[in-house]
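What the coordinates show
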Amino acid sequence: MAIVRKISLHPLFAAALDLVAAALVLWQLSLAASFSVFVGWMVLRTLWWLVLTELCYYPPFVSRWRHFATLLFFNAALMGLLLFVDSIFLVGVVYIFLAFVPAVSFVLVPNRPDSLSVLAKPERRWRLAMTTLAMGGLWAMVSAVGAFQLMSGWWLVWLSVEALGILIAVSMWWWREYGRPYSGQFFIAAGIMALIFGELAYIVYLWPIGYLAVGFLMAALWYTLWLLLRFSLTPEGIDWQRQKWFLMGMAIVITFYLVLVARWK
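Thresholds applied
Residues numbered from 1 in each chain as written. Predicted model: local features only at pLDDT ≥ 70, side-chain atom pairs only at ≥ 80, totals over all residues. Heavy atoms only, no water. Helix = DSSP H or I, 4+ residues; strand = E, 2+ residues; numbered from the N terminus. Rg over C-alpha atoms; globule rule 2.2 N^0.38 Å. Buried < 20%, exposed > 50% of the residue type's maximum accessible area, 1.4 Å probe, protein only. Contact = heavy atoms within 4.5 Å. Areas by Shrake-Rupley, 256 points an atom, 1.4 Å probe, with all protein chains shown as cover. Lys, Arg positive; Asp, Glu negative; His and termini not counted. Charge placed at Lys NZ, Arg CZ, Asp CG, Glu CD. Axes fitted to C-alpha atoms, helices over the stretch in contact; angles between N-to-C directions. Parallel < 35°, antiparallel > 145°, perpendicular 65-115°, else oblique. Salt bridge = Lys/Arg side-chain N within 4 Å of Asp/Glu carboxyl O. Polar contact = N/O pair within 3.5 Å; in protein donor to acceptor, adjacent residues only side chain to side chain. 1 Å grid on protein atoms, 1.4 Å probe; cavity = no way out; pocket = protein on both sides within 12 Å on 5 of 7 lines; lining within 4 Å. Points joined across faces, edges and corners; volume = space filled by probe spheres on them. Nonpolar A, V, L, I, M, F, W, Y, C, P; charged D, E, K, R; others polar. Core = buried A, V, L, I, M, F, W, Y, C linked by side-chain atoms within 4.5 Å.

**What about the overall build of the chain?**
Within the chain, the regular secondary structure consists of nine helices and zero strands. When its helices and strands are written in sequence order, the chain yields α-α-α-α-α-α-α-α-α. Relative to a compact globule of 265 residues, whose C-alpha radius of gyration would be 18 Å, the chain shows 19 Å and is just as compact. Within the span of the chain, comprising 265 residues, buried residues form 45% of the whole. Expressed as a percentage of contacts within the chain between residues at least 6 apart in sequence, the contacts between residues at least 24 apart total 74%. Accessible area for the chain stands at about 14,200 Å²; split by element, carbon and sulfur atoms hold 72% of it. In the chain, which carries 17 positive and 10 negative side-chain charges, the distance between the mean positions of the two groups comes to 5 Å.

Next up, the structure:
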């Protein structure tokens, strides 16, 4: 790919190209008459990003492959969620996310090699937000598969185990993004994440709430626990005085959503 990289697109131009490509893909998705056609456009979107991240300029302190991996996870989760969303309004919301969120991730790529590495923080935080949205889409899909009885019994259990495996892998990936080295404590944190979310997935599945509510709840709780474990992996540990306001805010948001927004069956 060295020859391809001789062509270096400005991140803003790459973002504009991605918006045009997104408009084309989403228009075709709205016309898709079969699952195979739908999957075909998902694959084309992925291939497009593979080419675009190769052509786009990245400074040395920003990884094009981590960007591509974030785009891939985001695309797979939200486009898969489209298969189950039956509200025209919600379909429109997902379309907006699929069009503009990836484009912004290109806009935030620093465009100069002599830029300070601190300028990469907005791009990394935006990709973390994309990952959190994708995590919600992933678990909403798993819940929808069970709700619509597309799978049952051990097949549904196996699907949930696969989703849990993705959750653990993504958690470890993002701890590494923030500079946490592999260690015994690192893998203990991954085990804690697996244990808590394995039990939580089973509990939430028994709750009489819709699949979108499940996705929101799992995404919010994943980000909260991931952040606390990330701080626990630092030499300073968790500063509970600073984090208590964040935890109280998340508790209020989750309670508000479950009580006033989520539909209970």
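**Digging into the packing of helix H5 (residues 121-147) against helix H6 (residues 154-177)**
Where H5 meets H6, the closest approach of the two axes is 10 Å, and the angle between their N-to-C directions is 175 degrees. Compared by their axis directions, H5 and H6 come out roughly antiparallel. Only Leu156, Leu159, Ser160, Ala163, Leu164, Ile166, Leu167, Val170, Trp173, Trp174 and Glu177 of H6 make contact with H5, whose side of the interface consists of Arg124, Arg127, Leu128, Thr131, Met135, Leu138, Trp139, Val142, Val145 and Gly146.

**Let's talk about the side chain of Arg64**
Mapping Arg64 onto the fold places it in helix H3 (residues 64-81). Of the side chains bearing the opposite charge, Glu54 lies closest to the buried Arg64, which forms no salt bridge; the N-O distance is 4.9 Å. Reaching out from Arg64, the side chain makes a polar contact with the backbone oxygen of Cys56 at a distance of 3.2 Å.

**Observations regarding the layout of surface pockets**
Approximately 910 Å³ is the volume found for the largest pocket. What lines the largest pocket is a set of 31 residues, and nearest its centre among them are Leu90, Leu212, Ala213, Phe216 and Tyr257. For the lining of the largest pocket, the secondary-structure elements that each account for two or more residues are H3, helix H4 (88-107), H5, helix H8 (211-232) and helix H9 (240-261). Per element, the largest residue contribution to the lining of the largest pocket is eight residues, and it comes from H8. Residues that form the lining of the largest pocket fall into these classes: 22 nonpolar, six polar and three charged. Along the walls of the second largest pocket sit 17 residues, with Leu156, Ser160, Ala201, Tyr202 and Tyr205 positioned nearest its centre. Breaking the lining of the second largest pocket down by element, the ones donating at least two residues are H5, H6, helix H7 (184-206) and H8. At six residues, H7 tops the list of elements feeding residues into the lining of the second largest pocket.

**Overview of the nonpolar core**
If you look at soluble globular proteins, the nonpolar side chains tend to sit buried side by side. Judged by nonpolar contacts, the single largest core of 74 residues is most densely connected at Trp139, Trp175 and Met193. Considering each element in turn, this core owes the most residues, ten residues, to H8. Contact partners of Trp175, with chain neighbours within four places excluded, come to Arg180, Phe186, Ala189, Ala190, Met193, Trp226, Leu229, Arg230 and Leu233. Phe84, Ala144, Leu156 and Tyr211 belong to the second largest nonpolar core, which has nine residues in total.

**Thoughts on the pattern of salt bridges**
Applying the stated criterion across every chain, the model contains four salt bridges. The salt bridge partner of Arg66 is Glu177, with a shortest N-O separation of 3.5 Å. Placement of Arg66 in helix H3 and of Glu177 in helix H6 is noted, with a sequence separation of 111 residues between them. Exposure remark for Arg66: the relative accessible area of 37% places this residue in the partly exposed category. Since its relative accessible area comes to 8%, Glu177 is described here as buried. Put simply, Arg66, Glu123, Arg127 and Glu177 are held in one network by salt bridges that share partners.

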